[in-house]
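Report on the structure
Spelled out, the chains give:
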Amino acid sequence: MGGGLGTMPVALSVINLLMCLSILFGNSLVIAAVAKFQSLRTNMYIFMCNLAVADILVGIAIGIFTISNLVFKFKMSNIVICLVVHFLIATSIYCTLLNIACIAVDCSLAVNHPLRYHLYMTPRNVTIIISGIWAFSILTALCMFAGRTEWKIEICNYQVIYMWGYKIYALLYMASMSIIQVILYTQLVIISQRQIKRIAAMGGQNQAIPGNIKTNNKSIKMFATVVGLFIMCWLPLIIVMAIYLIKPEVSRRTEFVVTYAIACLSSALNPMIYACRNTQMRRAFKKLLHLRNNSIVPEEGANDNSWTRT
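None of the values given here were measured: they were computed from a predicted structure. Sequence positions are assigned chain by chain, starting from 1 and proceeding in written order. Per-residue local features are limited, in this predicted model, to residues with pLDDT of at least 70; the limit for side-chain atom pairs, both in listing and counting, is 80 or more; totals at the level of whole chains, interfaces and linings are taken over all residues. The side-chain figures draw on all heavy atoms in the structure; neither hydrogens nor water molecules are used.

Some details on the overall build of the chain
- A tally of helices and strands in the chain yields 10 helices and zero strands.
- Of the regular secondary structure in the chain, the N- to C-terminal order runs α-α-α-α-α-α-α-α-α-α.
- Each residue is placed in one exposure class: buried if its accessible area under a 1.4 Å probe, protein chains only, is under 20% of its type's maximum, exposed if it is over 50%, and partly exposed if it falls in between. Out of the 310 residues belonging to the chain, those deemed buried represent 50%.
- Here, two residues are considered to be in contact whenever any of their heavy atoms come within 4.5 Å of each other. Considering only residue pairs separated by 6 or more positions, the chain has 80% of its internal contacts joining residues 24 or more positions apart.
- Per-residue and other accessible areas were derived by the Shrake-Rupley procedure at a 1.4 Å probe size, with only the shown protein chains allowed to occlude residues. Taken as a whole, the chain presents about 14,700 Å² of accessible surface, with 68% of it coming from carbon and sulfur. Only runs of H or I of at least four residues qualify as helices and only runs of E of at least two qualify as strands under DSSP, and these elements are numbered from the N terminus.

And the structure:
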């Protein structure tokens, strides 16, 4: 969530621009892959695509902020641009956390209720869930404007933009949702590992593990990595914001700029995680970039890392 950054040094501006381009390119590639290839039309990939859209909002916000500083020597005193940047970042955070939680619930249904999964997660229900995620995220982000009577600012600082109550809510939301993510994905990893061990114990060491269980296990680990990375990147900023909330007098620009950049880094790294840990997505990326002319997914790997088709 953008804060008191003032006019950035050129070096930091260049870093932010590179991160912006990386976020936009990587996540646009994810969206293009899901849109183009029928083999990726599954609930998991649709949620992944939704997560990429949220990450793109971060890239757009970074781009607006950086270009304003570099080109126009803008000190972020324009209330309109300042609020747009804050709104985009806030919407992305709320959407990302809700989306990752929905992926965990979706996977949990696939693991615990495989026969009834298609009754629960129909295309219509998935559409409703995604629409609800965006409606909640946008409305919640708009709440930062509630109660504001003064629309002139000297610097674009989250301590100025956010009302005191909204600061508390934002911090509690990020902290509580992060804890929930850790609990959900830890349980999913444990359940998945237990299934594999149970099957191995029943059939001996030579017993083949069913493909769907292997697939679910890989997918769970991939999204657990996304959650872990998100928390690692955003935790320093959450801590800094909490300290500034308790003791505003210790607020410093340097700490905020560094932790803010680290937080946004997670949006650039997500596509890399997908490419490294998901065979289908990696092959889709290669196809889109014309790095390989073979088919997207071989017949034997058609269901790799996806728990259902839509």
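As for the side chain of N27
- By the secondary structure assignment, N27 is in helix α1 (residues 10-36).
- For N27, a relative accessible area of 0% puts it in the buried group.
- A polar contact of 3.0 Å, which involves the side chain of N27, links it to the backbone oxygen of S267.
- The contact partners of N27, leaving out residues within four places of it in the chain, are A52, D55, I56, S267 and P271. Any N or O atom pair separated by 3.5 Å or less is treated as a polar contact, with the protein-specific requirement of one donor-capable and one acceptor-capable atom, and with residues adjacent in sequence counted only for side-chain atom pairs.

What about α1?
- Helix length check: α1, at 27 residues, gives a terminal C-alpha distance of 38 Å against a target of 39 Å (1.5 Å per residue), a fit within 8%.
- Those residues of α1 lying buried are L12, S13, N16, M19, C20, I23, G26, N27, L29, V30, A33 and V34. Working rule for helices: expected span equals 1.5 Å times residues minus one.

Points about the environment of V189
- Note that V189 resides in helix α7 (residues 164-203).
- Looking at V189, the relative accessible area reads 25%, which means it is partly exposed.
- When the C-alpha atoms of V189 and K218 are compared, they prove to be 9.6 Å apart, with 29 residues separating the residues in sequence.

As for the packing of aromatic side chains
- Two rings from Phe, Tyr or Trp (for Trp, the six-membered ring) form a pair when their centres sit within 6.5 Å of each other. Planes less than 30 degrees apart are called stacked, planes more than 60 degrees apart edge-to-face, and all others tilted. A full pass over the atoms with the stated rule returns six aromatic pairs.
- A centroid spacing of 6.2 Å and a plane angle of 45 degrees characterise the contact between Y166 and Y169, whose relative ring orientation is tilted. Here Y166 and its partner Y169 are both found in helix α7, three residues apart, which amounts to about one turn of the helix.
- Chaining the aromatic ring pairs together yields one cluster made of Y94, F136, Y166, Y169 and Y173.

Some thoughts on the packing of α1 against helix α10 (residues 279-288)
- Between α1 and α10, whose axes approach to 10 Å, the crossing angle comes to 95 degrees. Relative to α10, the element α1 is oriented roughly perpendicular. Along the contact surface, α1 presents L29, V30, A32, A33, V34 and K36, while α10 presents M281, A284, F285 and L288.
- Under the convention adopted here, Pro, Cys and the residues Ala, Val, Leu, Ile, Met, Phe, Trp and Tyr are nonpolar, Asp, Glu, Lys and Arg are charged, and Gly plus all remaining residues are polar. In terms of residue class, the contact of α1 with α10 is built from nine nonpolar, no polar and one charged. Axis geometry follows a simple rule: fit a line to the C-alpha atoms, using only the stretch in contact for helices, then measure angles between N-to-C directions, giving values from 0 to 180 degrees. Convention used here: angles under 35 degrees read as roughly parallel, angles over 145 as roughly antiparallel, angles from 65 to 115 as roughly perpendicular, and any remaining angle as oblique.

Quick notes on a nonpolar patch on the surface
- A cluster of nonpolar residues, V10, V14, L18 and L21, forms a patch on the protein surface that exposes about 400 Å² of accessible area.
- Here V14 lies in helix α1. Patches here are clusters of residues that have more than 30% relative accessible area and form no salt bridge, with a 9 Å joining cutoff for like charges and a 5 Å cutoff for nonpolar side chains (Val, Leu, Ile, Met, Phe, Trp, Tyr). Salt bridges are defined as contacts in which a side-chain nitrogen from Lys or Arg sits within 4 Å of a carboxyl oxygen from Asp or Glu.

Some remarks on the nonpolar core
- Nonpolar cores are built from buried Ala, Val, Leu, Ile, Met, Phe, Trp, Tyr and Cys residues. Side-chain atoms within 4.5 Å join them into one set. Judged by nonpolar contacts, the single largest core of 87 residues is most densely connected at M48, M174, Y185, W234, Y274 and M281.
- Those elements that provide at least two residues to this core are α1, α2 (43-70), α3 (79-112), α5 (123-142), α7, α8 (211-246), α9 (253-277) and α10.
- Sort the elements by how many residues they give to this core and α3 lands first, with 19 residues.

Quick notes on the confidence of the model for the chain
- Scored from 0 to 100, pLDDT records how confident the predictor is in each individual residue. When the pLDDT values of the chain are averaged, the result is 80; 76% of them are 70 or greater.
- Confidence, read as mean pLDDT per element, is least for helix α6 (residues 158-161) in the chain (70) and greatest for α5 (94).
- Taken as a whole, residues 1-7 scores under 50 in pLDDT and shows 41 contacts with residues more than four places along the chain or in a different chain.
- Under a pLDDT of 50 for its full length, residues 296-305 has, in the predicted model, 29 contacts with residues more than four places off or in other chains.

Some thoughts on the packing of α3 against α5
- Where α3 contacts α5, the axes come no closer than 8 Å and their chain directions differ by 145 degrees. Helix-helix and strand crossings are classified by hand; for α3 and α5 the assignment is right-handed. Residues F87, A90, T91, Y94, C95, L98, N99 and C102 of α3 touch α5, and the partners they reach there are I129, I133, W134, F136, S137, I138, T140, A141 and L142.
- Grouping the amino acids of the contact of α3 with α5 by side-chain chemistry returns 13 nonpolar, four polar and no charged. For any helix crossing, the convention is left-handed if the near helix is rotated counterclockwise from the far helix by under a right angle, and right-handed if that rotation is clockwise.

Focus: α5
- Between its first and last C-alpha atoms α5 spans 29 Å; for 20 residues at 1.5 Å apiece the expected length is 28 Å, and the two agree.
- Considered for burial, the residues of α5 that qualify are V126, I130, I133, W134, S137, T140 and A141. The buried residues of α5 occupy one face: seen down the axis, they fall within an arc of 140 degrees. Among the exposed residues of α5, those pointing more than 90 degrees away from its buried face are R124 and L139. This arc corresponds to the set of directions leading from the helix axis out to the C-beta atoms.

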